[in-house]
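So you can see what is in the structure, the chains are spelled out below.
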Amino acid sequence: MAVSFVQRRLMSHSSLQKWAYNLAGFNKLGLWRDDLLYEDSDVKEALRRLPQKYIDERNYRILRATQLSIQKSVLPKEQWTKLEEDVLYLTPYVNDVIKEREEREEWNKTH
């Protein structure tokens, strides 16, 4: 009984998840989790495939965060990114790119 209660509490945006999300600090600059991905070749290819609208929104968030960082400031609390609003917009593209790369590497091994 206690285990199922704990499992239910840890699923879907528990208070612990929200605490850890806010502790990371990037949300205070208005950034989303996918804005922080290291731009290796897979991420660069995923960004190339991303619709222009999402690229523009991402660039705006990054520029705003850079400006806030230079000013040693954060957004007003009502403008912080909330865990519920943080959309993984780039992750599906990155996963597709990685899957394609792995398939290509496997194909090259056998042929």
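Rules and cut-offs
- Residues numbered from 1 in each chain as written.
- Predicted model: local features only at pLDDT ≥ 70, side-chain atom pairs only at ≥ 80, totals over all residues.
- Heavy atoms only, no water.
- Helix = DSSP H or I, 4+ residues; strand = E, 2+ residues; numbered from the N terminus.
- Buried < 20%, exposed > 50% of the residue type's maximum accessible area, 1.4 Å probe, protein only.
- Axes fitted to C-alpha atoms, helices over the stretch in contact; angles between N-to-C directions.
- Parallel < 35°, antiparallel > 145°, perpendicular 65-115°, else oblique.
- Left-handed = near helix turned anticlockwise from the far one by under 90°.
- Contact = heavy atoms within 4.5 Å.
- Nonpolar A, V, L, I, M, F, W, Y, C, P; charged D, E, K, R; others polar.
- Salt bridge = Lys/Arg side-chain N within 4 Å of Asp/Glu carboxyl O.
- Phe/Tyr/Trp six-rings, centres within 6.5 Å; stacked < 30°, edge-to-face > 60°.
- Lys NZ or Arg CZ within 6 Å of the ring centre and 35° of its normal.
- Patch = residues over 30% accessible without salt bridge, like charges linked within 9 Å, V, L, I, M, F, W, Y side chains within 5 Å.
- Areas by Shrake-Rupley, 256 points an atom, 1.4 Å probe, with all protein chains shown as cover.

**Topic: the overall build of the protein**
Reasoning step 1: Within the protein, the regular secondary structure consists of 5 helices and 0 strands.
Reasoning step 2: Secondary structure elements of the protein occur, N-terminal to C-terminal, as α-α-α-α-α.
Reasoning step 3: Relative to its full complement of 111 residues, the protein shows a buried share of 26%.

**So, the packing of helix H3 (residues 41-49) against helix H5 (residues 91-110)**
Angle between the axes and distance between the axes are the two parameters that describe a pair of packed helices.
Reasoning step 1: The contact between H3 and H5 brings their axes to 8 Å, and the two run at 120°. By the angle between their directions, the pair H3 and H5 is classed as oblique. In the packing of H3 onto H5, the handedness of the crossing is right-handed. Across the interface between the two elements, Asp42, Val43, Glu45, Ala46 and Arg49 from H3 touch Tyr93, Val94, Val97, Ile98, Glu100 and Arg101 from H5.
Reasoning step 2: Its residues assigned to classes, the contact of H3 with H5 comprises 6 nonpolar, no polar and 5 charged.

**Quick notes on the pattern of salt bridges**
Reasoning step 1: What the rule picks out here adds up to 10 salt bridges.
Reasoning step 2: Of the charged contacts, one joins Arg101 and Asp42 as a salt bridge, the two residues approaching to 2.9 Å between their closest N and O atoms. On the criterion of sequence distance, the pair formed by Arg101 in helix H5 and Asp42 in helix H3 is long-range, its members being 59 residues apart.
Reasoning step 3: Here Glu45 ties to Arg48 by a salt bridge, and the two come within 2.6 Å at their closest N and O atoms. Note that Glu45 and Arg48 are positioned in helix H3 at a spacing of 3 residues, about one turn of the helix.
Reasoning step 4: When salt bridges with common partners are traced through the structure, they connect Glu45, Arg48, Arg49 and Glu100 into a single cluster.

**Regarding the packing of aromatic side chains**
Reasoning step 1: Taken as a whole, this structure holds 2 aromatic pairs when the rule is applied.
Reasoning step 2: Plain terms: the ring middles of Tyr21 and Phe26 are 5.2 Å apart, the flat faces sit at 80° to each other, and that makes the pair edge-to-face. Each member of the pair, Tyr21 as well as Phe26, carries the same accessibility label: buried.
Reasoning step 3: Aromatic side chains Trp32 and Tyr89 sit 5.8 Å apart centroid to centroid with 65° between the ring planes, which places their arrangement in the edge-to-face category. Highlighted residues: Trp32 in the loop between helix H2 (15-24) and H3 and Tyr89 in the loop between helix H4 (52-70) and H5, separated in sequence by 57 residues. Neither Trp32 nor Tyr89 differs from the other in exposure class; each is buried.
Reasoning step 4: In this structure, Arg61 packs its charged tip against the face of Trp32, placed 3.9 Å from the ring centre.

**Digging into a nonpolar patch on the surface**
Reasoning step 1: The grouping of Leu16, Trp19 and Leu23 at the surface amounts to a nonpolar patch, some 360 Å² of accessible area in total.
Reasoning step 2: In this fold, Trp19 is placed in helix H2.
Reasoning step 3: Residue classification places Trp19 among the exposed residues on the basis of a relative accessible area of 53%.

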